[in-house]
Amino acid sequence: MQDIIDEITSDMLGRHDKGKVASYIPQLACVDPNQFAISVVLPSGEVFNSGCTSTLFSIQSISKVFTLTLALGKLGNAIWKRVGREPSGDPFNSIVQLEHEQGKPRNPFVNAGAIAVADAIMQGHPPKETLAEILQFVRFLANDETIAIDEKVARSELETGSRNASLAHFMASFGHFEHPVDQVLGTYFHHCSIAMNTQQLATAGLFLANNGINPSTGFAVVSAMRAKRINALMLTCGHYDGSGEFAFRVGLPGKSGVGGGILAVAPGKASIAVWSPGLDSVGNSKLGSLALEKLAHRTGWSIFSAD
Ligand code: GLN
């Protein structure tokens, strides 16, 4: 495994076309695109690292996996009244479908869906308490108390967040919101601004590769059924309008973020986190996807493989 990921890392570092870093969040535009990291964590707890695996990056939309997991814990199936379970086929920040479908987002991973999930998990708590709860949950999953929110990124998102504010106000106009829009947006921007490295992220995702149990702590995070369903949503919706392409090339449930990270799950085999800040045209990490494609090919981990 170490040889495989070291080869992938040197291959990725040698590539010229690394994609473009997200610039609509100014703080993310400052990130050096010439960085690459990959961490693979096995259910046994064994960790394989290659590249800059201790460098913190903004997990952005990968946080939506954690907020969905929390929401399922708090609300159970009632969360599906707020968001659907279908791929959108639209960009992550699209508004068009919301008008056709009465303000109910297609899935919890597009921005509108994650904003609705943030509203649902607030449940009458002030935003600070909700954020503390999300952060505590991520720390628990990663078994690492040092994980924190990057306030600079959160502020940068807030200052340039007109599109997300539009999505939120539009949904609120259908009467779906339980909390003031600005509080929900504050919660959403802050959970997107959690900073992690690939090793922490791969560890945090391990429960999804292991029937809902985090083997490094022994804690049952969710039931096996729920882990399976979260994986299904990651496969079908985790890369927005690039989800079909990701399933075709990589064949693993995965969730991307505009910070350039991807969390991928090989059920029963491994949790994998990659990071390369440059994005492709739909906002998914360009070299991160390529690295996962190579890893899936070398290991035979695609969920569609008969091996
Ligand atoms: N915080 C980002 C946004 O709202 C998340 C988008 C993403 O990572 N795809 O635009």
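What counts as what
Residues numbered from 1 in each chain as written. Predicted model: local features only at pLDDT ≥ 70, side-chain atom pairs only at ≥ 80, totals over all residues. Heavy atoms only, no water. Pairing = 2+ DSSP bridges. Helix = DSSP H or I, 4+ residues; strand = E, 2+ residues; numbered from the N terminus. Core = buried A, V, L, I, M, F, W, Y, C linked by side-chain atoms within 4.5 Å. Buried < 20%, exposed > 50% of the residue type's maximum accessible area, 1.4 Å probe, protein only. Contact = heavy atoms within 4.5 Å. Axes fitted to C-alpha atoms, helices over the stretch in contact; angles between N-to-C directions. Parallel < 35°, antiparallel > 145°, perpendicular 65-115°, else oblique. Left-handed = near helix turned anticlockwise from the far one by under 90°.

Novice: What am I meant to see in the sheet that holds strand 4 (residues 148-149) here?
Specialist: Through backbone hydrogen bonds, the strands of a sheet pair up, either in parallel or in antiparallel fashion. An order of 3-5-4 is seen for the 3 strands of this open sheet, with the pairing classed as antiparallel. The sheet is open, and its two borders are formed by strand 3 (57-58) and strand 4, each paired with just one other strand. Pairing geometry for strand 4 and strand 5 (residues 194-196), over 2 bridges, is antiparallel. By the bridge assignment for strand 5, Ile149 is matched with Ile194.

Novice: Just to check I follow, could you spell out the nonpolar core for this structure?
Specialist: Phe66, Ile115, Ile194, Met196 and Leu201 are the most contacted members of the largest nonpolar core, which has 64 residues in total. Looking at which element gives the most residues to this core, the answer is helix 5 (residues 111-122), with 9 residues. Sequence-distant contacts of Leu201, that is, excluding residues within four places in its chain, are made with Phe57, Ile59, Ile62, Phe66, Met196, Leu263 and Ala273. One finds Val250, Ala270, Leu287 and Trp301 within the second-largest nonpolar core, a separate group that totals 25 residues.

Novice: Honestly, the packing of helix 7 (residues 151-159) against helix 9 (residues 181-192) in this entry has me stumped. Any pointers?
Specialist: When two helices pack together, you describe them by how their axes are tilted relative to each other and by the distance separating the axes. Orientation of helix 7 relative to helix 9, taken along the N-to-C sense of each, is 135 degrees, at an axis distance of 8 Å. Put simply, helix 7 runs oblique to helix 9. Once helix 7 is placed against helix 9, the crossing between them reads as right-handed. Residues Glu151, Ala154, Glu157 and Leu158 of helix 7 form the contact with helix 9, whose own contacting residues are Phe189, His190 and Cys192.

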